[in-house]
Amino acid sequence: MPLTPLNDRMITGEQSYATIDQSISSMITDQKRHTRPWFIMFLIGIMGTGLLGCTITWLVYQGVGVWGNNVPTAWAFDIVNFVWWIGIGHAGTLISAILLLLRQPWRNSINRFSEAMTIFAVMCAGMFPLLHTGRPWVAIYWLFPYPNIMALWPQFRSPLMWDVFAVSTYFTVSLLFWFLGLVPDFATLRDQSKNKFAKVLLAIVCLGWRGSNRHWHRYEQAYLILAGLSTPLVLSVHSIVSFDFASSIVPGWNVTVFPPYFVAGAVFAGFAMVLTFAIPIRKIYKLEHLITARHIDWMAKITLATGLIVAYGYTLELFYAWYSGNPHEWDMTFYRRITGPYSWAYWSLIVCNVVAPQAFWFPWCRRNLTVVMIVCQFVSVGMWLERFVIIPMSLTANYLPSANRMYYPTVWDFAMFGGTIGFFIMLMFLFIRFMPVINIFEVKDLLYKMLGNKDAQIGEAPVELPEPALGRSV
Amino acid sequence: MSYGGSSTGETYALVAEFASAEELLVAAEKVSQEGYREVDAYTPFPVHGLSDALRFHDVKVPWFIICGGLCGGFFGFTLQWYTATIDYPLNVGGKPFNSLPSFFPVTFECTILFSALTALISMFALNGLPKPYHSIFNTPGFERASKDRFFLAIEKSDAKYDPEATRVFLASLSPLAVSEVEE
């Protein structure tokens, strides 16, 4: 694969506002742009969704006994998958909120579909704990505080309750943030759509947005504050998820470094997933001029940075096991994880999460899309293994050796995990087809900034953008 | 673009069309200096400096959000305090009924949730949205306001508005076109 020059730009080629509009909005207005790759991916997605439907039906009919969970391993695949999916979502919020606050305008071209990923990933995540309760239809009074006839209230001293609030707030706020950004883009699509039905539909969802300065003024206030709110929110969500483990006394869970290390791991897995989708999509839909090699380079660097934080977390886990002087922690860490029956999982995780991302130190690896894709797959698998090593594995050995049991997942455990992946793919590809994949107006704003707020020249014809336009050289 | 609104024949505003944000900013500044106040600009993306140029200052949204956030925090904490100490006191491991540190996460999440909802609702409400029809949509070529054109409207309600003088003034700002838009 040819290497692109180092000093490429955030928008390449000859561009004007109209050409940017065209390359994004035509994905909706011209449905013929969706060809075979879309159908293949959608088919995979819909088959996975069918599998998910079957699994859930069987699970609800039979009960959670169809899973491999059993005492002492009461939390297994379901919680592993829950934490994994929630983590995937975190990259979206990081890109849309934290990078906005850090004034990184390059996020303008990747925030929309990362936010979509966040929402879909949280949807997948939410299913697991809900079904893990065994009777999801009565879970409403276990989970949500409402005055009920049994005069019961949820137990707010439990991190599991905090989780309910954190995840549901996270989902709602991500959805609001996403919708807010979509409204002006829906207005753009409304004005360009030729199809009468589509026009009416878009006119409804864009709420009559007319791009007035007064609208934008308040829009920007609301958007910036939402970003400011989402930033502590996203950090709190995975911290609270980690409290489910860290606040217990189970050996292997009771580690104070969990909150920051879980958050870093979430961003790490999330960026790998963003890259996994961004690389093929920019190729299939010819969006290389908007999601440039520089974007991929920067995302790979963030993956590397968060990967190093995660590696530091693994080191600290070992250190605490020794330094705490707790023999059970020592046993769990050194005799179960590193050398025990699950050592294959531990060492695979080290290879995937610690060794593989080191490739991103080398510029040619960050610029070679095949390498980036491969490393991202390693990271996704590695982060799943990390949760596997932490969650079910720590439960297989407890304080009494007589209670130790190995954990074996069943086919339904795999089916539900595979099913949620299919569901995620289906939603992503429906999103690609029917919604603007890249934030249209924010990319125009980026173009305006790249021209140094001097856009009079592009009123007439598209222009080549100046060399190292924004930010520093690589 | 027509959204099927019935035209009353009354003038709504004089609208000038510009090809770039740069030209719009210059024009907006001149319009304000001339003393026009009932002015609005229509752009495909938020142009920084335009609110200053049009003398539009508004900080209602942030105030609404902080009120919403405070309500959320109050709600979250009171909910936990009331259920744990008054309505359903339960001794868990000898912890006090009012376990303040344990109540922080939910209080925080409720603060964020209420602020975010207030942000969205107050932004749309203050902007008067949803509003599927607006007179400005009668402007010729207005469908490009969301694409690559920049419009500046001096509304008839402005004290300085004069059908002829305002038109001549707008034309002097070298726009692509000036049109009279009906209600």
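For clarity, every value in this text was computed on a predicted model and none was experimentally measured.

Considering the overall build of chain A
Right, so step 1: Helix and strand counts for chain A come out as 16 helices and two strands.
Right, so step 2: Its C-alpha radius of gyration of 23 Å places chain A within 12% of the 23 Å reference for a compact globule of 474 residues.
Right, so step 3: When its C-alpha atoms are laid out on the principal axes, chain A stretches across 80 × 55 × 40 Å.
Right, so step 4: A buried classification covers 51% of the 474 residues belonging to chain A.
Right, so step 5: For chain A, the share of sequence-separated contacts (at least 6 apart) that also reach a separation of at least 24 residues comes to 81%.

Points about helix H4 (residues 111-132) of chain A
Residues and elements named next belong to chain A.
Right, so step 1: Here H4 contains 22 residues, and its C-alpha end-to-end distance of 32 Å stays within 8% of the 32 Å for a straight helix at 1.5 Å per residue.
Right, so step 2: The element H4 is extensively covered by neighbouring structure, given that 18 of its 22 residues are classed as buried.
Right, so step 3: A positive backbone phi angle near 90° is found at Gly134, which sits one or two residues after H4.

Remarks on the confidence of the model for chain B
Right, so step 1: With 96% of its residues at a pLDDT of 70 or more, chain B shows a mean pLDDT of 87.
Right, so step 2: Among the prediction metrics, the complex's ipTM stands at 0.91, with pTM recorded as 0.91.

With respect to the domain arrangement of chain B
Right, so step 1: By the assigned domains, chain B splits into domain 1 (11-54 + 134-182) and domain 2 (60-126).
Right, so step 2: Its C-alpha centre places domain 1 of chain B at a distance of 44 Å from the equivalent point of domain 2 of chain B.

Describing the packing of H4(A) against helix H6 (residues 159-192) of chain A
All names here are of chain A.
Right, so step 1: Interaxial distance between H4 and H6 falls to 10 Å at its minimum, and their mutual angle equals 150°. One finds that H4 runs roughly antiparallel with respect to H6. Pair H4 / H6 crosses with left-handed handedness. The segment H4 lies against H6, with Arg112, Glu115, Ala116, Thr118, Ile119, Val122 and Gly126 engaging Val167, Tyr170, Phe171, Ser174, Leu175, Phe177, Trp178 and Gly181.
Right, so step 2: Residue composition of the contact of H4 with H6, by class: nine nonpolar, four polar and two charged.

Considerations on the confidence of the model for chain A
Right, so step 1: Per-residue confidence for chain A gives a mean pLDDT of 88, with 95% of residues at or over 70.
Right, so step 2: Here residues 1-7 of chain A scores under 50 on pLDDT; set against residues more than four positions off or in separate chains, the count is 14 contacts.

Cut-off values and rules
Residues numbered from 1 in each chain as written. Chains lettered and ligands numbered in written order. Predicted model: local features only at pLDDT ≥ 70, side-chain atom pairs only at ≥ 80, totals over all residues. Helix = DSSP H or I, 4+ residues; strand = E, 2+ residues; numbered from the N terminus. Rg over C-alpha atoms; globule rule 2.2 N^0.38 Å. Buried ≥ 20, exposed ≤ 12 C-beta atoms within 10 Å, placed from the backbone. Contact = placed C-beta atoms within 7 Å. Expected span 1.5 Å × (residues − 1). pLDDT = per-residue confidence, 0-100. Domains from an automatic or database assignment. Axes fitted to C-alpha atoms, helices over the stretch in contact; angles between N-to-C directions. Parallel < 35°, antiparallel > 145°, perpendicular 65-115°, else oblique. Left-handed = near helix turned anticlockwise from the far one by under 90°. Nonpolar A, V, L, I, M, F, W, Y, C, P; charged D, E, K, R; others polar.

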